[in-house]
Amino acid sequence: MSTDGRLEAVKALITAHPDFPKKGILFRNIFPVLRDPKGFHTLCDLMVEHIQSKCSNVELIVGLDSRGFLFGPIVAQRLNIGFAPVRKAGKLPGETFKVSYSLEYGQDSFEIEKSSVKLGQKVVIIDDLIATGGSMKAACELIEMAGADVVECYLVIELVDLKGRDKINKPVTSLIQY
Ligand SMILES: O=P(O)(O)OC[C@H]1O[C@H](OP(=O)(O)OP(=O)(O)O)[C@H](O)[C@@H]1O
Ligand SMILES: Nc1ncnc2[nH]cnc12
């Protein structure tokens, strides 16, 4: 099947939920894709193929708490490179870098273990969705604090009207746009 045909098949599995988790938010739910083994496999294939063709120098995949953890480790394994988590504050042991940020429906802080990223390492950051871009911008700041290099921010879903990519001064790629 063509890339477009495969993308349409994945997109057909994503559901929309008005007024969740707050009034006025249209929540795009990625979990039905994971419920469908073929759909989930196809989605991981598309992510791996993109990174292999556009970011062949990548050395580390970073995933964002928590939905970035659904895809990041699988993609990293398939690329035979490591995975490191960016977690909500207070969940990681040892020395960390920390950044506060706002997202479409709230505020939070992210941390990364200092030991998980090497100076100068080429990093692709993965998450399920970009809305206002607050979470991805904070993640880029953490990677910069660690002295590493974000070669791409890679999202399954982009909510285009919220212009999240405009906040981010690194390449941003999304598979599915609403
Ligand atoms: O572009 P933004 O406006 O920052 O919003 C996008 C972020 O919001 C969601 O995560 P959330 O913080 O809800 O956590 P979860 O993945 O644990 O549900 C989503 O998974 C992204 O990480
Ligand atoms: N509209 C939305 N749907 C799903 N996850 C989100 N994270 C931030 N905004 C979201």
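Residues numbered from 1 in each chain as written. Chains lettered and ligands numbered in written order. Predicted model: local features only at pLDDT ≥ 70, side-chain atom pairs only at ≥ 80, totals over all residues. Heavy atoms only, no water.

### Points about the site of ligand 2
- Every residue lining ligand 2 is accounted for by I25, L26, F27, R28, R67, E104, Y105, L129, A131 and L159.
- Between R28 and ligand 2, the recorded distance is 2.9 Å, taken from a backbone N or O atom to a nitrogen atom.
- Here a nitrogen atom of ligand 2 and a side-chain polar atom of E104 are 2.4 Å apart.
- With the chains in place, 94% of the 260 Å² that ligand 2 exposes on its own is no longer accessible.
- For the shell around ligand 2, the element with the most residues is strand β2 (residues 26-29), which contributes three residues.
- Of the residues that constitute the shell around ligand 2, the class distribution is seven nonpolar, no polar and three charged. (Near = heavy atom within 4 Å. Polar contact = N/O pair within 3.5 Å; in protein donor to acceptor, adjacent residues only side chain to side chain. Areas by Shrake-Rupley, 256 points an atom, 1.4 Å probe, with all protein chains shown as cover. Helix = DSSP H or I, 4+ residues; strand = E, 2+ residues; numbered from the N terminus. Nonpolar A, V, L, I, M, F, W, Y, C, P; charged D, E, K, R; others polar.)

### Considerations on the site of ligand 1
- Within the structure, ligand 1 sits among 16 residues, and Y105, D127, D128, T132 and S135 are positioned closest to it.
- Contact between ligand 1 and S66: an oxygen atom at 2.7 Å from a side-chain N or O atom of the residue.
- At a separation of 2.9 Å, an oxygen atom of ligand 1 approaches a polar side-chain atom of R67.
- Considering ligand 1 on its own, with 500 Å² of exposed area, one finds that the protein chains cover 88% of that surface.
- When residues of the shell around ligand 1 are traced back to their parent elements, those giving at least two are β7 (122-130) and α5 (134-145).
- Residue contributions to the shell around ligand 1 peak at four residues, all from β7.
- Within the shell around ligand 1, the residues separate by chemical class into five nonpolar, five polar and six charged.

### Looking at the UniProt feature "domain: Phosphoribosyltransferase" (unreviewed entry) in the protein chain
- UniProt marks residues 45-171 with the feature "domain: Phosphoribosyltransferase" (unreviewed entry), using the numbering shown here.
- Taken end to end, residues 45-171 is 24% helix and 37% strand, and its first and last C-alpha atoms sit 21 Å apart. (UniProt positions renumbered as here; feature names shortened; annotations may be inferred.)

### Focus on the sheet that holds strand β5 (residues 96-103)
- Within the open sheet, the seven strands sit side by side as β5-β6-β4-β3-β7-β8-β9. Their pairing is mixed. The open sheet terminates on both sides in strands that have one partner only, identified here as β5 and β9 (172-177). Each strand axis lies, on average, 25° off the axis of its neighbour in the sheet, ignoring direction.
- Bridge count between strand β3 (residues 60-64) and β7: four bridges; the pairing is parallel. Following the sheet pairing, L60 is matched in β7 by V123. (Pairing = 2+ DSSP bridges. Axes fitted to C-alpha atoms, helices over the stretch in contact; angles between N-to-C directions.)

### Let's talk about the nonpolar core
- With 30 residues, the main nonpolar core has M47, I51, I61, V124 and I126 as its most contacted residues.
- Breaking this core down by element, the ones donating at least two residues are α1 (3-11), α3 (37-54), α4 (72-79), β7, β8 (149-158) and β9.
- Element by element, the count of residues in this core is highest for α3, at seven residues.
- Setting aside its immediate chain neighbours within four residues, M47 contacts F71, V75, I126, Y154, V156 and L175.
- Judged by nonpolar contacts, the second largest core, of 27 residues, contains L60, I130, A138 and I168. (Core = buried A, V, L, I, M, F, W, Y, C linked by side-chain atoms within 4.5 Å. Buried < 20%, exposed > 50% of the residue type's maximum accessible area, 1.4 Å probe, protein only. Contact = heavy atoms within 4.5 Å.)

### Details of the environment of C44
- Here C44 shows up in helix α3.
- Under the relative-accessibility criterion, C44 is labelled buried at 2%.
- In sequence terms C44 and I61 are 17 residues apart; their C-alpha atoms lie 14 Å from each other.
- When sequence neighbours within four positions are dropped, the list of residues in contact with C44 reads I74 and R78.

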